[in-house]
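Each chain, written out:
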Amino acid sequence: MKVKEHMSATQLKKILKERKYLNPKKLETLLRILEEKVQEVIPPKKFEEVYYIFNTEEAVFYGIQGPISCLSYVFLNNNFVVNVDIRGNRSYSVTLSFHDNINKPTDEDKKEIINQLFDIVENAEVFLLEDMTRDNTTIEFVEV
């Protein structure tokens with residue numbers, strides 16, 4: 001599996017806007033955060049060199065601002081947008097939140113998301129969570 005580690009802000013915006021199952025308010029928030037990040041980068045065309053956006057054929061994974069004690073990411077696949085929160089003091093404890101999705105995930109959806117997420121985490125060449133694996137990480141789900 002090839003994990004690509006950069007994507008332009010324009011590409012990410014397009015993907016976000018294609019997610020028809022996403023709560024419009026959540027979409028607005030994600031696009032606002034993305035716009036803020038783009039404005040922080042001078043010149044904006046260097047966005048993909050500054051902000052890592054990990055993606056495969058099936059999924060996209062990128063960081064957003066979270067509380068100081070927590071690393072916050074967004075994970076998108078073809079069916080869901082999932083908030084991924086990793087507590088600083090519990091580095092191998094991950095919370096996956098399905099809030100703001102129209103559909104409720106099934107057990108099969110959850111398995112697929114975990115597999116896609118760890119395909120990215122375990123196969124990316126440059127990544128902060130490089131020591132995390134399926135075996136040493138506890139996953140907690142927060143439902144819709």
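Quick caveat, the model's predicted, so the values are computed rather than measured.

S.K.: How do you make sense of the pairing of strand E2 (residues 60–64) when you look at a structure like this?
M.R.: The two faces of a sheet get side chains in turn, since along a regular strand they alternate between them. Across the five residues that make up E2, a large majority, four, are buried. Note: strand E1 (residues 53–55) against E2, three bridges, orientation antiparallel. Bridge pairing in E2 places Ile53 opposite Tyr62. Hairpin connection, E1 to E2: the antiparallel pair is bridged by four residues. Taken together, the five bridges between E2 and strand E3 (residues 70–76) define a ladder with antiparallel strand orientation.

S.K.: Any chance you could explain the nonpolar core here in plain terms?
M.R.: For soluble globular proteins, nonpolar side chains are generally found buried alongside one another. Counting residues in hydrophobic clusters, the biggest one holds 23 residues, and the most contacted among them are Leu12, Leu16, Phe47, Val60 and Tyr62. Examining the composition of this core, we find that six residues originate from one element, helix H2 (residues 24–40), more than from any other. Excluding residues that lie within four positions of it along the chain, Val60 makes contacts with Met7, Leu12, Ile15, Ile53, Phe54, Asn55, Val74, Phe75 and Leu76. Membership of the second largest hydrophobic core comes to 22 residues, among which are Val94, Leu96, Ile113 and Ile120.

S.K.: What's the story with the sheet that holds E1 in this structure? I'm lost.
M.R.: For sheets, the rule is that strands pair by backbone hydrogen bonds, running either parallel or antiparallel. Pairing within the open sheet is mixed, and its six strands lie in the order E1-E2-E3-E4-E5-E6. Since the sheet does not close on itself, it has two edges, and those belong to E1 and strand E6 (138–142), each with one partner. Within the sheet, the average angular offset between the axes of one strand and its neighbour, ignoring direction, is 25°. As paired strands, strand E5 (residues 93–97) and E6 are joined by five bridges and run parallel to one another. Bridge pairing in E6 links Val94 to Ile139. Packed onto the sheet, H2 meets E2, E3 and strand E4 (81–87) and runs at close to 70° relative to E2.

S.K.: In this structure, what is going on with unusual backbone geometry? I would like to understand it.
M.R.: Generally, phi is negative for residues other than glycine and the peptide bonds are trans, each holding for most cases. In the Ramachandran plot, Asp100 falls in the positive-phi region, its phi being about 75° despite a non-glycine side chain. Counting through the fold element by element, Asp100 comes out in the loop between E5 and helix H4 (107–123). A relative accessible area of 30% means that Asp100 is categorised as partly exposed.

Parameters at a glance
Residues numbered from 1 in each chain as written. Predicted model: local features only at pLDDT ≥ 70, side-chain atom pairs only at ≥ 80, totals over all residues. Heavy atoms only, no water. Buried < 20%, exposed > 50% of the residue type's maximum accessible area, 1.4 Å probe, protein only. Helix = DSSP H or I, 4+ residues; strand = E, 2+ residues; numbered from the N terminus. Pairing = 2+ DSSP bridges. Core = buried A, V, L, I, M, F, W, Y, C linked by side-chain atoms within 4.5 Å. Contact = heavy atoms within 4.5 Å. Axes fitted to C-alpha atoms, helices over the stretch in contact; angles between N-to-C directions.

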